[in-house]
Amino acid sequence: MEFQNKTAVITGGASGIGFLSAKCLAQEGANVLLVDINENALVEKVAEINAKNVGKAEYAVCDVRQYEQVLDATDKAIEKFGRIDILINCAGGCERRCNNYQGDWLDMPAEIFDWGVDVNLKGPYYFSQAVMRQMVKQKSGVIIYLGSICGEEATLSMAYSVSKAGLMNALTKSVAIYGAPHNVRAVCVSPGPVLTREAMGKLKTLVGRAAETQEIVDFILYLASDRAAFITGSNHFIDGGRIAMTRG
Ligand SMILES: NC(=O)c1ccc[n+]([C@@H]2O[C@H](COP(=O)([O-])OP(=O)(O)OC[C@H]3O[C@@H](n4cnc5c(N)ncnc54)[C@H](O)[C@@H]3O)[C@@H](O)[C@H]2O)c1
């Protein structure tokens, strides 16, 4: 019951790393607000958590690109649970895959780049600011970002790569500096390939496989816990040695 009496807001909470994080936090006693654009999945996943766990789950339909919706979701967490202790920014995705674009970069419409930066960088920025207001009042909290090896290796999905690089470096550090006097930490977890999608199994790592989603979530929960009180302002690869392999 490491997270009893705590509240977590998890963006991208209807799927993958976000949903499993929410479920594991609720197993450890936390109340969780799942935030996503996919309402059908939210309804299903919240029911799954509430059927089995100690912590309670609620959801907010919210597009992280829309500032007013981010404020509404933050207000909902406070209204339902009274506080916000943990923010996990999982909503994200590669602009090429999510917009089904397979063409050359030179032909790529600007809207696809904008989508990638808005979801992967602006959304976490909006949520950090909205949630920080509450954490400052509480004088405690932790904000977790999901970076990626793509923010270090770079790819032709440039919106994804530059956005993840922004989270992993400037945003995590900046939010940590702002939060420190208020006892609020900010950290970034940057996975290599994770088996939330089968295709990720094809990417090479030193360990010779992709990560199970649970392996990433275990690390996120550690960073969210008071055991990680000394960790702030830093990016942490969890990549099976992929960066060591490709960058030396
Ligand atoms: N899976 C991997 O191999 C991997 C590797 C490195 C980093 N990551 C990062 O980890 C995070 C989670 O990845 P995942 O594989 O669990 O993803 P996923 O695709 O399973 O889940 C992403 C969720 O975000 C939601 N979402 C998308 N756009 C949104 C928006 N505008 N507003 C609100 N919600 C929105 C989707 O509906 C979905 O439920 C992402 O940020 C991803 O970039 C994943």
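This text follows the structure it describes.
Residues numbered from 1 in each chain as written. Predicted model: local features only at pLDDT ≥ 70, side-chain atom pairs only at ≥ 80, totals over all residues.

S.K.: Account for the overall build of the protein, naming residues and giving values.
M.R.: Along its length, the protein carries nine helices and seven strands. Relative to the globule expectation of 18 Å for 248 residues, the C-alpha radius of gyration of the protein, 17 Å, shows essentially globular dimensions. A principal-axis box enclosing the C-alpha atoms of the protein has dimensions of 50 × 35 × 35 Å. A total of 248 residues make up the protein; the buried ones form 49% of that total. Considering only residue pairs separated by 6 or more positions, the protein has 69% of its internal contacts joining residues 24 or more positions apart. (Helix = DSSP H or I, 4+ residues; strand = E, 2+ residues; numbered from the N terminus. Rg over C-alpha atoms; globule rule 2.2 N^0.38 Å. Buried ≥ 20, exposed ≤ 12 C-beta atoms within 10 Å, placed from the backbone. Contact = placed C-beta atoms within 7 Å.)

S.K.: Give a detailed account of unusual backbone geometry, specifying residues and quantitative values.
M.R.: Leave glycine aside and you will find that most residues have negative phi; peptide bonds, for their part, are mostly trans. Positive phi outside glycine occurs at K139, with the angle close to 65°. Counting through the fold element by element, K139 comes out in the loop between α5 (110-138) and β5 (141-146). In this model, A154 sits at a positive phi of 70°, which is unusual for a non-glycine residue. According to the C-beta neighbour criterion, A154 is partly exposed, with 14 such atoms within 10 Å.

S.K.: I'd love a proper account of the sheet that holds strand β3 (residues 57-61), names of residues and values included.
M.R.: Spatial strand order, β3-β2-β1-β4-β5-β6-β7: seven strands in an open sheet with parallel pairing. Two strands close off the open sheet at either side, each with one partner strand: β3 and β7 (234-238). On average, each strand axis in the sheet is tilted by 20° relative to the strand beside it, whichever way the strands run. The sheet contact formed by strand β1 (residues 7-11) and strand β4 (residues 86-89) spans four bridges and is parallel. Bridging across to β4, V9 finds its partner in L87. Relative to strand β6 (residues 184-191), helix α7 (residues 158-179) is tilted by about 165°, and along the sheet it contacts β5, β6 and β7. (Pairing = 2+ DSSP bridges. Axes fitted to C-alpha atoms, helices over the stretch in contact; angles between N-to-C directions.)

S.K.: So what's going on with α5? Residues and values would help.
M.R.: Under the 1.5 Å per step criterion, the end-to-end length of α5 is 41 Å for 29 residues, consistent within 8% with the ideal 42 Å. Where α5 terminates, the next one or two residues include K139, which has phi positive at roughly 65°. (Expected span 1.5 Å × (residues − 1).)

S.K.: Give me the lowdown on the site of the ligand, citing residues and values where you can.
M.R.: As a matter of local geometry, the ligand sits amid 27 residues, with G12, S15, G16, G92 and T196 nearest to it. Residue contributions to the shell around the ligand peak at three residues, all from helix α1 (residues 16-27). Its residues assigned to classes, the shell around the ligand comprises 13 nonpolar, ten polar and four charged. (Near = placed C-beta within 6 Å. Nonpolar A, V, L, I, M, F, W, Y, C, P; charged D, E, K, R; others polar.)

S.K.: Hey, could you go over the packing of helix α3 (residues 67-81) against α5 for me, with residue numbers and the actual values?
M.R.: Interhelical geometry of α3 versus α5 gives an angle of 35° and a closest axis separation of 9 Å. For the crossing formed where α3 meets α5, the hand is right-handed. In this structure, α3 uses Y67, V70, L71, T74 and I78 to contact α5, whose residues at the interface are Y126, F127, A130, V131 and Q134. Classifying every residue of the contact of α3 with α5 gives eight nonpolar, two polar and no charged. (Left-handed = near helix turned anticlockwise from the far one by under 90°.)

S.K.: How would you explain α1 if you had to name every residue and give the values?
M.R.: With twelve residues, α1 ought to run about 16 Å at 1.5 Å a step, and its terminal C-alpha atoms sit 17 Å apart, in line with that. Of all the twelve residues making up α1, eleven are buried; the element is thus mostly covered by neighbouring parts of the structure. Residues G16, I17, G18, F19, L20, S21, A22, K23, C24, L25 and A26 constitute the buried set of α1.

S.K.: So what about the pairing of β7? Which residues, and what values?
M.R.: Strand residues, when the strand is regular, have side chains that alternate between the two faces of the sheet. Two strands pair when backbone bridges link them, and β6 and β7 are joined in this way by five bridges, in the parallel orientation. From the neighbouring strand, V189 faces β7, where its bridge partner is H236.

S.K.: Describe the environment of D75, and please don't skip the residues or the numbers.
M.R.: Residue position: D75 is located in helix α3. Distance from D75 to A130, taken between C-alpha atoms, is 9.0 Å for residues 55 residues apart in sequence.

S.K.: An account of the nonpolar core is needed here, citing residue identities and associated values.
M.R.: Counting 68 residues, the largest nonpolar core has V32, L34 and I144 as its most contacted members. Broken down by element, the residue count for this core peaks at nine residues, all from α5. (Core = buried A, V, L, I, M, F, W, Y, C linked by C-beta atoms within 7 Å.)

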